[in-house]
Structures are given as C-alpha cells and as structure tokens.
Amino acid sequence: MVNCWANVLGDCAGGQSREHYLSRSVIGSGDVTVSGFPFLRGDTRTISVNRLVAKILCRKHNEALSEVDTAAGHFFNVMRAFRHRAAMRAKGYRKPGGIDMYDVDGFLVERWMLKTIINLMVDQPLRQERWRPDDVWVRCAYGLAPFPDRCGLYLLADNKYRKASPDSGICIWTLTKGKNADLLTGGHYKIEEAQFAITMAPLAGAHQPLYRLRALKDKPALELRQIINFRW
C-alpha cells in the first residue's frame with residue numbers, strides 16, 4: 001500500500017516514491033547539518049543527504065511539487081549571495097553601481113516551507129498519535145487553495161525568536177501551541193542569517209507588518225545595498 005500524505009486529494013498514482021525531507025535543490029549533495037527535526041530528539045547532527053529521504057509521497061504527488069522545489073533552490077541561492085555580499089561589505093568591500101536586486105516568488109517559497117514541515121512531521125508522534133496534515137494544509141501546499149487569512153509566510157525579527165543554532169545554511173524548528181504544545185501550527189526557519197515562520201495560525205499583531213514581506217533589505221548604513229523582492 002502506498003504511503004502518501006497527499007492522499008486526501010484522491011488521485012495518487014505511480015506507486016511509492018522516495019521524497020527528500022529537504023529538497024535536493026536546497027541541500028545539494030554530500031552532507032548537511034540539521035537541527036530541530038523531530039526524529040533527532042533535540043540533537044544536532046551532520047547527515048548524508050541520502051539519509052534524508054522517506055517513503056511519504058506517491059510518485060505523482062512528489063513530481064507535482066517539482067516547481068516548488070526549483071523555486072526553493074533559487075531562493076536559497078539568493079539568500080546565500082545576499083549573506084556573502086553583506087559580509088564582503090562589512091569587510092570594507094565597495095562595488096560600483098546601484099542597488100543589487102534579487103527576485104523570488106513568495107507564493108512558491110511559502111508552499112515549499114509548508115510542504116517541508118509536513119515532510120518532517122508526517123507520522124511523527126503528536127497528541128499521543130501519529131500526525132497527519134489536515135486537508136487545508138495539503139491543498140495549500142499544492143496551490144489548490146489559498147492560505148487562510150493571515151496565514152503563510154512571516155519574517156521574524158523579534159528577539160525571542162533568535163534561537164541559538166549551528167553555523168549552517170538552514171535550521172528548522174516546529175511551531176506549536178496548546179497547553180502541552182501539542183498542536184502543530186507550522187515551522188520556524190533559519191535560512192542563512194534571516195528567520196522566517198510558515199504558519200497555519202496567524203501570529204500576534206506585532207508581526208503583522210512582516211506578513212508576506214515585500215522586500216528584505218540589507219542594512220541601510222552600508223554604502224552598497226541590496227534588496228530581495230518577494231513577488232506575491
């Protein structure tokens with residue numbers, strides 16, 4: 001029997017596939033440092049990408065997310081370039097010309113973050129039972145339904161979200177709520193130096209200006225600025 005977390009869509013096909021928890025377009029090949037994964041039980045480890053796979057999608061639904069994976073790879077390349085150029089400027093490097101501009105698809109990045117949290121949490125123990133995504137989570141991940149009001153991608157800037165983490169390109173933690181933190185609401189991502197949340201429950205009012213951010217800007221005090229524009 002095929003194990004597919006998107007089976008609520010009712011059109012599974014192609015047999016079982018091996019889905020990467022994190023898209024190969026993001027983690028590439030070789031090893032990756034991972035933290036915050038439920039199956040690591042609080043540890044931080046360096047793991048071969050070949051081990052970061054699971055049989056959690058049918059082939060059809062795995063391939064249907066290829067556009068999302070490609071967009072995530074582009075987003076990570078942009079974030080790496082953004083961080084590298086900021087570091088060069090901090091060392092005194094000055095580049096002639098205007099502002100460095102980057103462009104990413106906010107909707108596809110948002111969907112990638114949601115599907116990644118689903119990948120990490122599907123069949124994990126939560127509320128004393130194995131977690132499975134609600135229909136709305138699945139439909140949003142596949143672009144078949146809009147995210148609920150004020151749900152989706154946030155930029156996190158509050159100090160309380162600045163978790164200690166290894167010096168790696170990406171770290172992920174779960175976002176939960178409830179008396180025993182037993183209700184999964186989304187994920188907290190550290191990507192290079194920036195922190196984001198993907199959430200299916202709106203964050204507090206102070207974060208509203210950072211919901212579906214239009215642009216991520218370099219420090220204005222630096223002479224050579226750069227901007228990542230998010231298309232929505």
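Because the structure is a prediction, the values reported are computed rather than measured.

Enquirer: Explain the overall build of the protein chain here, please?
Expert: Across its full length, the protein chain carries five helices and 13 strands. Out of the 232 residues in the protein chain, the part that is buried amounts to 47%. Here the contacts in the protein chain between residues at least 6 apart in sequence split such that 70% fall between residues at least 24 apart. Roughly 11800 Å² of accessible area belongs to the protein chain as shown, and the carbon and sulfur atoms make up 49% of that amount.

Enquirer: Would you take a moment to explain the sheet that holds strand 12 (residues 215-217) for this structure?
Expert: One key point about sheets: their strands pair by backbone hydrogen bonds, in either a parallel or an antiparallel sense. Read from one edge to the other, the open sheet built from three strands follows the order 5-13-12, with strand pairing classed as mixed. Here the strands that pair on one side only, and so sit at the sheet edges, are strand 5 (100-105) and strand 12. Averaged over all pairs of adjacent strands, the angle between their axes in this sheet comes to 15°, without regard to strand direction. Bridging between strand 5 and strand 13 (residues 226-231) involves six bridges; their strand directions are parallel. When the sheet's bridge partners are listed, Tyr102 is paired in strand 13 with Ile228.

Enquirer: What am I meant to see in helix 4 (residues 106-121) here?
Expert: An α-helix turns once every 3.6 residues. As a result, residues three or four positions apart point the same way. With 16 residues, helix 4 ought to run about 22 Å at 1.5 Å a step, and its terminal C-alpha atoms sit 23 Å apart, in line with that. By the N-cap criterion, in which a side-chain oxygen at the helix start approaches the backbone nitrogen of a residue two or three places on, helix 4 is capped by Asp105, the distance to Phe107 being 3.1 Å. Following helix 4 by one or two positions, Asp123 adopts a phi angle in the positive range, close to 70°.

Enquirer: Sorry if this is basic, but what is going on with the confidence of the model for the protein chain here?
Expert: Low-pLDDT stretches of the model should not have their predicted coordinates read in fine detail. For the protein chain, mean pLDDT is 83; residues scoring 70 or higher make up 81% of the total. Element-level pLDDT for the protein chain is lowest in strand 2 (residues 31-35), with a mean of 67, against a maximum mean of 98 in helix 5 (residues 135-141).

Enquirer: Which parts of the structure should I look at to understand the packing of aromatic side chains?
Expert: For any pair of aromatic rings, geometry is given as the distance between the ring centres together with the angle between the planes. By the definition in use, this model includes 10 aromatic pairs. Aromatic side chains Trp131 and Trp137 sit 5.3 Å apart centroid to centroid with 65° between the ring planes, which places their arrangement in the edge-to-face category. A relative accessible area of 12% means that Trp131 is categorised as buried. Among the aromatic residues, those joined into a cluster by ring pairs are Phe75, Phe76, Trp112, Tyr189, Phe196 and Phe230.

Enquirer: What's the story with the sheet that holds strand 11 (residues 194-199) in this structure? I'm lost.
Expert: Strand order in the open sheet formed by four strands is 8-11-10-9, with antiparallel pairing between adjacent strands. Here the strands that pair on one side only, and so sit at the sheet edges, are strand 8 (152-155) and strand 9 (170-177). When the angles between neighbouring strand axes are averaged without regard to direction, this sheet yields 25°. Bridging between strand 8 and strand 11 involves four bridges; their strand directions are antiparallel. Bridge pairing in strand 11 links Tyr154 to Ala197. Contacts between helix 4 and the sheet are confined to strand 8, strand 9, strand 10 (183-191) and strand 11, with strand 10 contributing the most and set at about 115° to the helix.

Enquirer: Just checking my understanding: could you explain unusual backbone geometry for this structure?
Expert: Keep in mind that most residues, glycine aside, have a negative phi and that most peptide bonds are trans. A positive phi is found at Asp123, a non-glycine position, where the angle reads about 70°. Within the secondary structure, Asp123 sits in the loop between helix 4 and strand 6 (125-126). In this structure Asp123 comes out as partly exposed when scored by relative accessible area, which is 27%. Here Arg212, not a glycine, exhibits a phi torsion of approximately 45°, which is positive.

Enquirer: Explanation requested: the environment of Met101 in the structure shown.
Expert: Its place among the elements puts Met101 in strand 5. Residues Met101 and Arg225, spaced 124 residues apart in sequence, show a C-alpha to C-alpha distance of 8.9 Å. Once you skip the residues sitting within four places of it in the chain, Met101 turns out to touch Ile227 and Asn229.

Enquirer: Is there a simple way to explain the pairing of strand 10 in this structure?
Expert: Look at any regular strand and the pattern is simple: side chains alternate between the two faces of the sheet. The buried count for strand 10 comes to eight of nine residues, which makes it a mostly enclosed element. Strand direction decides the pairing type here: strand 9 and strand 10, joined by eight bridges, are antiparallel. The residue bridging Cys171 from the neighbouring strand is Lys190, located in strand 10. In this antiparallel pair of consecutive strands, strand 9 and strand 10, the connection spans five residues, and Gly178 shows a positive phi of 105°. Across six bridges, strand 10 lies against strand 11 in antiparallel orientation. Paired with Tyr189 across the bridge in strand 11 is Phe196. Count of turn residues in the strand 10/strand 11 antiparallel hairpin: two residues, of which Glu192 carries a positive phi of about 55°.

What counts and what doesn't
- Residues numbered from 1 in each chain as written.
- Predicted model: local features only at pLDDT ≥ 70, side-chain atom pairs only at ≥ 80, totals over all residues.
- Heavy atoms only, no water.
- Helix = DSSP H or I, 4+ residues; strand = E, 2+ residues; numbered from the N terminus.
- Buried < 20%, exposed > 50% of the residue type's maximum accessible area, 1.4 Å probe, protein only.
- Contact = heavy atoms within 4.5 Å.
- Areas by Shrake-Rupley, 256 points an atom, 1.4 Å probe, with all protein chains shown as cover.
- Pairing = 2+ DSSP bridges.
- Axes fitted to C-alpha atoms, helices over the stretch in contact; angles between N-to-C directions.
- Expected span 1.5 Å × (residues − 1).
- Polar contact = N/O pair within 3.5 Å; in protein donor to acceptor, adjacent residues only side chain to side chain.
- pLDDT = per-residue confidence, 0-100.
- Phe/Tyr/Trp six-rings, centres within 6.5 Å; stacked < 30°, edge-to-face > 60°.

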